[in-house]
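Analysis of the macromolecular model
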Amino acid sequence: MSDALRFDGVTYTYPKGARPAIEDVDLAIDEGSFALAVGPTGSGKSTLLRAANGLVPQFTGGTFTGHVSVDGRDTLAHAPRRLADVVAFVPQDPGASFVLDRVEDELAYGMENLGVDPVHMRRRVEETLDLLDLAGLRDRSVRTLSGGERQRVAIAAALAAGPRILVLDEPTSQLDPQGAEDVMAALQRLVHDHGMTVLLAEHRLERVAGWVDVAIGFDHGRVRSGTPADVMGHLGAGPPVTRLGRMLGWDPLPLTVRAARAAAAAGSRPALPPRDVARNRDGHGPVVAEVRGVSASYAEATVVRDLDLDVHEGEVLAVMGRNGAGKSTLLRVLAGIHEPSGGQVRVLGSKPRPGVDVGLCPQEADELLFNDSVEHEVRATLVARGEAGDAGPWLAALGIAGLAARHPRDLSAGQRLLVATAAVAATDAPLLALDEPTRGLDPASKERLIGFIRAHAIAGRAAVVATHDVELAAAVATRVVILAGGELIADGEPGSVLGDSRVFAPQMTRVFGPGWLTPEQVAEALT
Amino acid sequence: MVAVALRTALVFFGTVSAANTTFSFLEGLRLGTILVIFGTFNAVTDPFGLVRMAPRHFHEPALAAALALSIAPRTVAGVGRVRDAQRMRGIRIHGARALPALAVPVLERGMEEAHTLAESMDARGHGAGRRSRYRPQPWTGAALLIAVPAIAAAATFLAASVGGWAILHPQTSPIVWPEAHPLLLAAVGSLAAPGLVGRPER
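Numbering of residues begins from 1 in every chain and follows the order in which that chain's sequence is written. Just so you know, chain letters begin at A and ligand numbers begin at 1, following the order they were written in. Selection of residues for local features in this predicted model requires a pLDDT of at least 70, selection of side-chain atom pairs for listing and counting requires 80 or more, and totals for whole chains, interfaces and linings are taken over all residues. Side-chain numbers come from the whole structure's heavy atoms, not from hydrogens or water.

Describing the domain arrangement of chain B
When the parts come together, some accessible area is lost, and that loss is often what is quoted as the size of the interface. All names here are of chain B. Considered domain by domain, chain B is made up of domain 1 (2-41 + 136-197) and domain 2 (48-123). In this entry, domain limits derive from an automatic or database-based domain assignment. On a C-alpha basis, the centroid separation for the pair domain 1 and domain 2 is 31 Å. Taken together, the contacts link 6 residues of domain 1 with 4 residues of domain 2. Here domain 1 packs against domain 2, burying approximately 470 Å² in sum over the two surfaces, 65% of which is carbon and sulfur. Interface area lost by domain 1 to domain 2 is led by F41, Q137 and W139, which between them contribute 80%. A pair is scored as a salt bridge if a Lys or Arg side-chain nitrogen falls within 4 Å of a carboxyl oxygen belonging to Asp or Glu. Taken together, domain 1 and domain 2 are joined by 0 salt bridges. Think of a polar contact as two N or O atoms within 3.5 Å of one another; within protein, one of them needs to be a possible hydrogen donor and the other a possible acceptor, and neighboring residues in sequence only count if both atoms come from side chains. Counting across the domain 1 and domain 2 interface gives 0 residue pairs in polar contact (both at pLDDT 80 or more). Counted by class, the side of domain 1 that touches domain 2 contains 5 nonpolar, 1 polar and no charged residues. For this analysis, residues touch if any pair of their heavy atoms sits within 4.5 Å. Once two parts are joined, some of their accessible surface, as seen by a 1.4 Å probe, is lost; buried area is that loss totalled over both. Residue type decides the class: Asp, Glu, Lys and Arg count as charged, Ala, Val, Leu, Ile, Met, Phe, Trp, Tyr, Cys and Pro as nonpolar, and the leftover types, Gly among them, as polar.

What follows is the structure, given as structure tokens:
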């Protein structure tokens, strides 16, 4: 086998960067591998990915030493456009990468640039539409698609050009669990059946660990590659099953639900399913937010239909459902940002005032940030509510005190999301609403976020979290609702709602049955 | 357009006379017409659809124009989103002091998107020198019926302006009843031709 992608002694520093983003990287990725880049947020994954087709350093400038070769071509000698026939790149923010407007044209764009003949091009567009289940969207404008749809179109557009190497930066971060699984299955098919090489970065390891055959571990700009089990063992990273295995001293460490099931069958099983009430300490407290018969629409499309929902004191409510189910709209209605077309919303008895009764951190969290430092960003919220308070505690609560003096623009996507979350939390509004708060977060940051959300939802307060991240819901929610087509189709304690679902079941449920949500809970029952 | 508006305003706030009022009215009409034309163009055409119809050699400029035209609506949408996002954390945007809270994220994201787009175009082979076309849109009879009168009308007015054989700017001091050249009237009338085509099937 030959190397599809090869890094020789690569060190790269961004312009004005204080230290290298990646340092002394030697790496060879075989043709036909399915490789995963794993490591903390801001550790250089995106940089390495962008170096794979020469965008780093050709677009970014900075100081680059060493060599990257793609299918034998040096990325310093060939402009990214001269590598487009072998390597395709799907960036973290797929919406910004679209060139044309119609989905179908977007798929053809790369092939047009490569001069693929029209007959062949037509066939390949059709095949790619089917591969990612996009045939129904072919005439839609890319600007009207939901986040998950945009992600699939971006992947399809990269694939259609027929590259031999596909590089993707967090390809499942905007997808619902089923959508993520479909994308991973499609990628695996390309690897297995067509000998394609796929390199992706992803934080939600439970979605990818079982699919890949090579892992590249990042630790402050340094990398080490090996089998996924090796690398994750070394980094102390991994999906919930791996964390459980580590707590229980399993050897080898399981990476998949299947392996964990085998390991669990050999050892002892937790005796009785846990009781959910343990998390919902006080049962139902007083109502913080009240949604009565609410419908909401955009343009002519109804997104939320006749919805009733109470959020109680002390509750962390996870709102789940597939892409486009109406989760974000429900949050916007709750926050008083989007006027419902019918019904009414009450927060603490009156019409919700955004930023006062409800603080909402939107999915596109970057749209909040306008200050020149992380500290000033949080201070701006405090000043808006007439306080000259200290930003410190908010930063510390989310574990970003160390970034206080940094410019938000220079941070990684995950770090910026934490800054935006802190800036919203600083409203100190009784109802905190977070829309997809774990995009781009590494496990350590996610752990701190979970602690923060829990701490918020005490006396007189509550939190609502819209998310695709089932492991987040399993770890933090005291109650889960599932939306479909803007209607509430499930509502209850996480153990029963998540336990009762094939799509939304967390890994512990898949291994040990309904009721088991987190590795900590299982480990405690077993030891 | 700004210059026209300014001139109109200056004239309007000067001495009020029939001549001045008429002049202002005509200038305002001109400004209004420009806005109506742009509005109509944005409402009824898909600039990216035009990219597909552009002859091969015009592909690059057509794509550049389409991307440029898409900036305005995207920026407007961005302004709405940022305003909402700031409200969600209690920052209300009114007055000059709040301007950075609106302008910085809009501009920063705009720049970032432009950069990502440029990267993406390059990474997808834009400008690599080979080019083929995906499902080029053929010129239909209906398209010709729309395009030919439009070009003919523009040519007629251009000829009138260069040749000076018809009055394009009616005299306002003293006010004279404007004369309309039959050819110009015919050119304007021919612009109604698309009305014969009817709605396209979607």
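As for the packing of aromatic side chains
Residues and elements named next belong to chain A. Stacked, edge-to-face and tilted are the three classes for Phe, Tyr and Trp ring pairs, Trp counted by its six-membered ring, which pair at centre distances within 6.5 Å; planes under 30 degrees apart are stacked, over 60 edge-to-face, the rest tilted. The full count for this structure, using the stated rule, is 2 aromatic pairs over all chains. Pairing Y12 with F64 gives two aromatic rings, centres 6.2 Å apart and planes at 55°, and the pair type is tilted. A residue pair is termed long-range when its members are at least 10 positions apart, and Y12 in strand β1 (residues 3-13) and F64 in strand β4 (residues 63-70) qualify at 52 residues. Of the two residues, Y12 and F64, both sit in the buried class. By way of ring pairs, the aromatic residues Y12, Y14 and F64 are connected into one cluster. In this description a helix means any DSSP run of H or I spanning at least four residues, a strand means any run of E spanning at least two, and both kinds are numbered starting from the N terminus. For every residue, the accessible area (1.4 Å probe, protein chains only) is compared with the maximum for its type, and the residue is labelled buried under 20%, exposed over 50%, or partly exposed between those bounds.

Notes on the environment of F59 of chain A
Within the fold, F59 of chain A resides in the loop between α2 (55-58) and β4. Remark: the alpha-carbon pair of F59 of chain A and P80 of chain A, spanning 21 residues in sequence, is separated by 9.0 Å. The contact partners of F59 of chain A, leaving out residues within four places of it in the chain, are G54 and P80 of chain A together with H115, A118, E119 and D122 of chain B.

Comments concerning the interface of chain B and chain A
With 44 residues of chain B in contact, the opposing surface of chain A contributes 62 residues. Counting the surface chain B buries against chain A, the share from its top three residues, R89, R124 and Y134 of chain B, is 20%. Run the count over chain B and chain A and you get 13 salt bridges. Notably, a salt bridge pairs D366 of chain A with R109 of chain B, separated by 3.7 Å at the nearest N-O pair. A total of 17 residues in the side of chain B that touches chain A trace back to one element, the largest contributor, which is helix α5 (residues 99-123) of chain B. Classifying every residue of the side of chain B that touches chain A gives 17 nonpolar, 9 polar and 18 charged.

Some thoughts on the sheet that holds β1 of chain A
Residues and elements named next belong to chain A. Strands were regarded as paired on the criterion that DSSP finds at least two bridges between them. Taken together, 4 strands build an open sheet; the order of strands is β2-β1-β4-β5 and the sheet is antiparallel. Only two strands of the sheet have a single partner each, and these edge strands are β2 (22-30) and β5 (73-74). Two elements, β1 and β2, share 6 bridges in a ladder whose sense is antiparallel. Looking across to β2, one finds that Y12 is bridged to I22.

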